[in-house]
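# Coordinate inspection notes
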Amino acid sequence: MKFVKITALSIAVGALSIAMGALMLAGCGGGGTSALTGSRATILVTDSPREDYGHIWATIYHVELTPQGGGAPVVVFDNAAGVTLDLRTLRDASGARYSFLSSATVPAGTYTGVSITVASTMQLIKTGQTTGTSLTVDASVARDVNGNAVIPVTFRSPKTISATATNICIDFDLARFIVRGSNILPSVVEGDGAGLSDPARHEKDDYHGTVSAISGTAPTLSFTLTMGSGQTVAVTTTASTALYGATLTEGAKVEIEGTLDTTAQTLVATKLEVRGTGSIADDWKTPRAGGVASALNAAAGTFTLTIQRAGGFTVAGTTVSVVTNASTVFRGDKGAMLAAADFYAALATTPNVGVEGTYDATTNTLTATKARAFDPRKDGIGKVGQKHDFRDAAEHGSGGDAVNDHGWGNESTHGGGGNSGHGNDN
């Protein structure tokens, strides 16, 4: 089940010298310091076990805190395109796993709960099956103006958010989700944050945003990443961070792969790609998927991808058909450009792949503009055995692109958003 974890914090980015495998993370109730001062709320997601479904895909649009005694709710996450997550992946045999969703400055005060806005449908795939079913969130759940479901969660006891970090964990309690015909009634509760202090329990995901307040000297940098409507997080890079694209400057549009250090409340980047300037909206809408390739047909330029992570489209089953063509940019494990024949030869040996392109829901086909083969055995800490290949930038090809450098975390659409409202089902 998924855990939306909200951490109220006072954050100061210090110079960090952190190996990804040795992060010190605070649990619920813990805190940290960073260059982002003031009371803050940080949101993470996890889940609890359910064995009858192998995948439960949900899209989160909005999260807000409920002040004690009334007053306007305080937005801590907002993304018009939504962040799509497979809730089932945030739990393994060792317990809960955590995915960082957002961080925001909030007024100091006491809060009695949160509300989470999700898409009005969820995609469920039963264990052992390959085709999913779209279920509508039960009509008993309140709706926003766009028809999305708004789920309230009351804390066990009110939480005071101040300059000291306060962690608040909320569990999408999958074991208590109720399926009634074509409807689903979600259960969302406050969680206990078990395992939150273990760095191995945190997902390595991707985040889009704009850069400000840069300090330090490459490769050790600190800056603020603004992901959306008041949502910011302190970011640090280390000598192990793979850097791509143009020079990092104020206002640059970037894509970052990394893991949140919940002690320092900083996003420690394992990959940073500078993608120019301007709006980040299109970046987090692009259909993309990662997983294991089979049924390779180099002559036809096709293969079947068993999905382990996806974003930018509604997942209809456990697989998607991938088509490559003369326009597809192929990359190898270290980011080097490959000929199509060499790319398919690499997949035949190590079938792990990430693709990005356009998706046709009618045929369940993703036509790849970019495709990258990689070897997960060479990666660091990642997601439930799905490790990602980001090493020193010198090992990678020049230019950088979303597939060459992509971690393909459980969702690559973090960030963005703004105040324009929320889309309907993703």
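Within every chain, residues take consecutive numbers counted from 1 along the sequence as written. Given that this is a predicted model, residues contribute local features only at a pLDDT of at least 70 and side-chain atom pairs are listed and counted only at 80 or more, while totals for whole chains, interfaces and linings are drawn from all residues. Excluding hydrogens and water, the side-chain figures rest on all heavy atoms present in the structure.

Strands are runs of DSSP state E lasting at least 2 residues, helices are runs of H or I lasting at least 4, and numbering of each runs from the N terminus. Per the secondary structure count, the protein chain includes one helix and 28 strands. Categorising residues by exposure relies on relative accessible area from a 1.4 Å probe, with only protein chains included: less than 20% of the type maximum marks a residue as buried, more than 50% marks it as exposed, and the intermediate range marks it as partly exposed. Looking at the 426 residues of the protein chain, the share that counts as buried comes to 58%. Accessible surface computed for the protein chain: about 14,600 Å², of which carbon and sulfur atoms make up 54%. Calculation of accessible area relied on Shrake-Rupley with a 1.4 Å probe; when residues are assessed, cover is drawn exclusively from the protein chains displayed.

The subject of this paragraph is the environment of Val 76. Position of Val 76 relative to the elements: it lies in strand β4 (residues 74–86). For Val 76, a relative accessible area of 0% translates into the label buried. In the structure, Val 76 is positioned 30 residues away from Val 106 in sequence and 7.5 Å away in space, judged by C-alpha atoms.

Okay, the packing of aromatic side chains next. Here the aromatic set is Phe, Tyr and Trp, taking the six-membered ring for Trp, and pairing holds for ring centres within 6.5 Å; pairs whose planes are under 30 degrees apart are stacked, those over 60 apart are edge-to-face, and all others are tilted. Taken as a whole and assessed by the stated rule, the structure comprises seven aromatic pairs. Pairing Phe 303 with Phe 343 gives two aromatic rings, centres 6.4 Å apart and planes at 45°, and the pair type is tilted. Remark: Phe 343 occurs in helix α1 (residues 340–349) and Phe 303 occurs in strand β23 (residues 302–311); sequence separation between them is 40 residues. The exposure classification of Phe 303 matches that of Phe 343, with both residues buried. Among the aromatic side chains, those forming a connected cluster through ring pairs are Phe 303, Phe 330, Phe 343 and Tyr 344.

Any Lys or Arg side-chain nitrogen found within 4 Å of a carboxyl oxygen on Asp or Glu counts as a salt bridge. Scanning the model with the defined rule gives 11 salt bridges in all. Here Asp 52 ties to Arg 50 by a salt bridge, and the two come within 2.7 Å at their closest N and O atoms. Among the residues examined, Asp 52 registers a relative accessible area of 39% and is labelled partly exposed. Close ionic contact of Glu 190 with Arg 156 constitutes a salt bridge, the shortest N to O distance being 3.9 Å. Placement of the pair is Glu 190 in strand β16 (residues 188–191) and Arg 156 in strand β12 (residues 149–161), with a sequence separation of 34 residues. Taking the relative accessible area as the measure of exposure, Arg 156 reaches 61% and is therefore exposed. Through salt bridges with shared partners, a single network forms among Asp 92, Arg 97 and Arg 201.

Ranked by internal contacts, the top residues of the largest apolar core, which has 39 residues, are Ile 60, Leu 65 and Ile 116. Sorting elements by how many residues they give to this core places strand β3 (residues 53–67) first, with six residues. Only heavy atoms enter the contact rule, under which two residues are in contact if any of them lie within 4.5 Å. Sequence-distant contacts of Ile 60, that is, excluding residues within four places in its chain, are made with Val 45, Phe 77, Gly 82, Val 83, Leu 85, Leu 101, Ile 116, Thr 117, Val 118 and Phe 172. Working definition of a nonpolar core: buried Ala, Val, Leu, Ile, Met, Phe, Trp, Tyr and Cys residues. They are joined through side-chain atoms within 4.5 Å.

Here the amide bond leading from Ala 218 into Pro 219 is cis, since omega sits at 10°, within 30 degrees of zero. Tracing the chain through its elements places Pro 219 in the loop between β17 (205–217) and β18 (220–226). One non-glycine residue, Gln 265, adopts positive backbone phi at about 55°. Summarising the element assignment, Gln 265 is placed in the loop between β20 (253–261) and β21 (266–274). Take Gln 265: its relative accessible area is 1%, and that puts it in the buried class. With a phi angle near 55°, Asn 364 is a residue other than glycine that sits in the positive phi range. By the element assignment, Asn 364 lies in the loop between β26 (352–360) and β27 (365–374).

For Glu 257, the position within the fold is in strand β20. The class of Glu 257 is buried, set by a relative accessible area of 0%. In sequence terms Glu 257 and Glu 273 are 16 residues apart; their C-alpha atoms lie 8.8 Å from each other.

This paragraph deals with α1. Burial in α1 covers these residues: Phe 343, Tyr 344 and Leu 347. Considered in projection along α1, the buried side chains sweep an arc of 95° and stay on one side of the axis. Facing away from the buried side of α1 by more than 90 degrees, the exposed set consists of Ala 341, Ala 348 and Thr 349. Packing partners of the buried residues in α1 comprise β22 (288–297), β23, β25 (329–331), β26 and β27. To obtain the arc, one takes the directions from the helix axis to the C-beta atoms.

This part takes up the environment of Pro 351. Summarising the element assignment, Pro 351 is placed in the loop between α1 and β26. Note on Pro 351: relative accessible area 25%, which makes it partly exposed. For the pair Pro 351 and Ala 373, spaced 22 residues apart in sequence, the C-alpha separation works out to 7.1 Å. Once you skip the residues sitting within four places of it in the chain, Pro 351 turns out to touch Gly 291, Val 292 and Ala 293.

Moving on: the pairing of β12. Every regular strand shows the same layout, with side chains that alternate between the two sheet faces. Bridge count for strand β8 (residues 109–118) against β12 is nine bridges, and the pairing is antiparallel. Within β12, the residue paired with Gly 113 across the bridge is Thr 154. Here, a strand pair is defined by DSSP locating no fewer than two bridges between the strands. Between strand β11 (residues 142–143) and β12, which follow one another and run antiparallel, lie five residues, and Gly 147 among them has a positive phi close to 85°.

Here the focus is the confidence of the model for the protein chain. pLDDT expresses how confident the predictor is about each individual residue, on a scale running from 0 to 100. Counting all residues, the mean pLDDT for the protein chain is 77, and 74% of those residues have values of 70 or more. The weakest mean pLDDT in the protein chain belongs to strand β1 (residues 2–9) at 42; the strongest belongs to β11 at 97. In the model, residues 417–421 has pLDDT below 50 throughout and makes 12 contacts with residues more than four positions away in sequence or in other chains.

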